[in-house]
Amino acid sequence: MRYLVTGSAGFLGANLVMRLLADGHEVVGLDNYHSGLRANTAMLLGRPGFTFVEHDVVEPFDIPCDVLCNLACPASPPHYQQDPVYTLRISVLGTLHALENAERHKARMLHASTSEIYGDPLVHPQPESYLGNVNSIGPRACYDEGKRAAETLCADFTRLGRVDARLVRIFNTYGPHMRGDDGRVVTNFLLQALSGKALTVYGAGQQTRSFCYVDDLIEGFVRVLALRENQGPINLGNPNEFTMLQLAEAVQRVVGSSLPLRFEALPTDDPKQRRPDIAKARRLLNGWEPEVQLAEGLARTLAYFRNQAQGRSA
Ligand code: UDP
């Protein structure tokens, strides 16, 4: 099969491409390096079956494929808030162009949606049936509302019989090939710990997130694409929930040193809690279950960033 992966230079894109190549597929990657890394493309170009197109999804594209995975979008709050109007354009126009490309080539599509469509959730944990609590005019809205509109486009194309577009709602995910400077909590804590700095905890650190190791997520993608029928949105994530203070402790244990915490202001509209209800994924995806737990996943991610640092200083 020939896959097109938009956002192939990003964290999830690069990990997905590696998995698809390992499964024996041909993969075309597409990215414009707005938030993706040239190093990820360089790493992928060394592998048979991979080709790359540099393109901005805000402009239409025409690339033959059997399956299109629509991952192009900055995803960390500092990155997507840097140019909020562009983020909204990427989410909405990028998804429209992906759907049009998939329709033209009769390709199945996987769309990377997000737990952010639930906003600051009032229902906990969040099942797919929860309609969300999003501030449409806050600093996160460019991403949250953009991703909601992208879901609408996928649902309408699917209802109209134009494209079989499958929605996965991705909860916080981490692992190798993340950008060290993406400003997310896992990368911030790991890199701060590696350089012996204080860990920056926003607010009182009582807000919660549930962290999924990237390999578990990618396995979920593959299984959603393999479903015979489109089953509507499916949450993918690890349901084990931690406060940011607990995450800081977990990072300290993995690094093996006790580091001071530096408390900083809580960003506006920062969700207070987040945990996926993954009953639907468990039921439909052939026993899918996140297998890599936090300590193990943090250790693997730490090893990746350590190697990166050694590579730079060598
Ligand atoms: N956070 C933190 N310290 C950091 C970065 C983030 O305490 O250095 C908090 C942030 O306020 C949020 C959580 O960690 O409550 C997860 O933030 P992240 O940006 O990783 O992802 P989000 O789930 O908010 O999109």
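Refer to the structure above for everything that follows.
Cut-off values and rules
- Residues numbered from 1 in each chain as written.
- Predicted model: local features only at pLDDT ≥ 70, side-chain atom pairs only at ≥ 80, totals over all residues.
- Heavy atoms only, no water.
- Helix = DSSP H or I, 4+ residues; strand = E, 2+ residues; numbered from the N terminus.
- Rg over C-alpha atoms; globule rule 2.2 N^0.38 Å.
- Buried < 20%, exposed > 50% of the residue type's maximum accessible area, 1.4 Å probe, protein only.
- Contact = heavy atoms within 4.5 Å.
- Areas by Shrake-Rupley, 256 points an atom, 1.4 Å probe, with all protein chains shown as cover.
- Lys, Arg positive; Asp, Glu negative; His and termini not counted.
- Charge placed at Lys NZ, Arg CZ, Asp CG, Glu CD.
- Near = heavy atom within 4 Å.
- Polar contact = N/O pair within 3.5 Å; in protein donor to acceptor, adjacent residues only side chain to side chain.
- Pairing = 2+ DSSP bridges.
- Axes fitted to C-alpha atoms, helices over the stretch in contact; angles between N-to-C directions.
- Arc of directions from axis to C-beta.
- Left-handed = near helix turned anticlockwise from the far one by under 90°.
- Expected span 1.5 Å × (residues − 1).
- Salt bridge = Lys/Arg side-chain N within 4 Å of Asp/Glu carboxyl O.

A.B. asks: Can you explain the overall build of the protein? Please cite residues and give values.
C.D. replies: A tally of helices and strands in the protein yields 10 helices and 13 strands. The C-alpha radius of gyration computed for the protein amounts to 19 Å, which stays within 12% of the reference 20 Å derived for 314 residues, consistent with globular compactness. Dimensions along the principal axes, computed over C-alpha positions, put the protein at roughly 55 × 50 × 40 Å. Classification of the 314 residues of the protein by burial places 53% in the buried group. Contacts in the protein between residues far apart in sequence, at least 24 positions, make up 80% of those at least 6 positions apart. Accessible surface, the protein as shown: approximately 13300 Å² in total, 51% of it carbon and sulfur. Looking at the protein, you have 32 positive and 34 negative side-chain charges, and the mean spots of the two groups are 2 Å apart.

A.B. asks: Now, about the side chain of Asp270: what can you tell me, with residues and values included?
C.D. replies: Within the secondary structure, Asp270 is located in the loop between strand S13 (261–264) and helix H9 (279–284). Not counting the four nearest positions on each side in its chain, Asp270 is found in contact with Asp120, Arg140, Gln207 and Arg209.

A.B. asks: Requested: an account of the site of the ligand, with residues and values cited.
C.D. replies: The ligand sits among 18 residues. The nearest are Asn188, Thr200, Arg209, Asp270 and Arg274. The contact in question runs from an oxygen atom of the ligand to an N or O atom on the side chain of Asn188, over 2.8 Å. Interatomic distance of 2.7 Å between a side-chain N/O atom of Arg209 and an oxygen atom of the ligand. Contact with the protein chains hides 97% of the accessible area of the ligand, taken as 520 Å² for the molecule alone. Elements that contribute at least two residues to the shell around the ligand include exactly helix H6 (185–194) and strand S8 (199–202).

A.B. asks: Give a detailed account of the pairing of strand S4 (residues 67–70), specifying residues and quantitative values.
C.D. replies: Along S4, one buried face is formed by Val67 and Cys69 and the opposite face, lined by Leu68 and Asn70, is buried too. Bridge analysis of strand S1 (residues 2–6) against S4 gives 4 bridges, and the strand direction is parallel. The residue of S4 that forms the bridge with Leu4 is Leu68. The pairing of S4 with strand S5 (residues 108–114) spans 4 bridges and is classified as parallel. When the sheet's bridge partners are listed, Val67 is paired in S5 with Arg108.

A.B. asks: Describe the sheet that holds strand S3 (residues 50–54), listing the residues and the values that go with them.
C.D. replies: One open sheet accounts for 7 strands, arranged S3-S2-S1-S4-S5-S6-S11; its pairing is parallel. Because the sheet does not close on itself, it has two edges, and the strands there are S3 and strand S11 (234–236). Adjacent strand axes in the sheet meet at a mean angle of 20°, parallel and antiparallel pairs treated alike.

A.B. asks: How would you summarise helix H2 (residues 38–45) if you had to cite specific residues and measurements?
C.D. replies: Since the α-helix advances by 3.6 residues per turn, residues separated by three or four positions end up pointing in the same direction. Regarding H2, the residues found buried are Asn40, Thr41 and Leu44. The buried residues of H2 occupy an angular sector of 100° when the element is viewed end-on, so they sit on one face. Away from its buried face, by an angle of more than 90 degrees, H2 presents the exposed residues Arg38, Ala39 and Ala42.

A.B. asks: Residues and numbers for the packing of helix H1 (residues 11–22) against helix H7 (residues 214–226), please.
C.D. replies: For the pair H1 and H7, interaxial distance at closest approach is 10 Å and the crossing angle is 65°. The handedness of the crossing between H1 and H7 is right-handed. For the pair formed by H1 and H7, the contact residues are Phe11, Leu12, Asn15, Leu16 and Arg19 on the first element and Val214, Leu217, Ile218, Glu219, Phe221 and Val222 on the second.

A.B. asks: I'd like to hear about helix H5 (residues 141–159), residue by residue, with values.
C.D. replies: The terminal C-alpha atoms of H5, which comprises 19 residues, lie 26 Å apart, in line with the 27 Å expected from a rise of 1.5 Å per residue. Here H5 has its buried residues at Ala141, Cys142, Tyr143, Asp144, Gly146, Lys147, Ala150, Glu151, Cys154 and Phe157. Turning to H5, the residues buried within the fold contact helix H3 (77–82), helix H4 (84–104), S5 and strand S6 (165–170). Once H5 finishes, Gly161 follows within two positions and takes phi at roughly 75°, a positive value.

A.B. asks: Give a detailed account of the pattern of salt bridges, specifying residues and quantitative values.
C.D. replies: The full count for this structure, using the stated rule, is 24 salt bridges. For Arg38, the salt bridge is made with Glu54, and the minimal N-O distance between the two is 3.8 Å. On the criterion of sequence distance, the pair formed by Arg38 in helix H2 and Glu54 in strand S3 is long-range, its members being 16 residues apart. In this structure Arg38 comes out as exposed when scored by relative accessible area, which is 53%. With relative accessibility at 51%, the residue Glu54 sits in the exposed group. The salt bridge partner of Arg108 is Asp164, with a shortest N-O separation of 3.5 Å. Placement of Arg108 in strand S5 and of Asp164 in the loop between H5 and S6 is noted, with a sequence separation of 56 residues between them. Within this structure, Glu116, Arg140, Arg209, Asp270 and Arg274 form a network of salt bridges that share partners.

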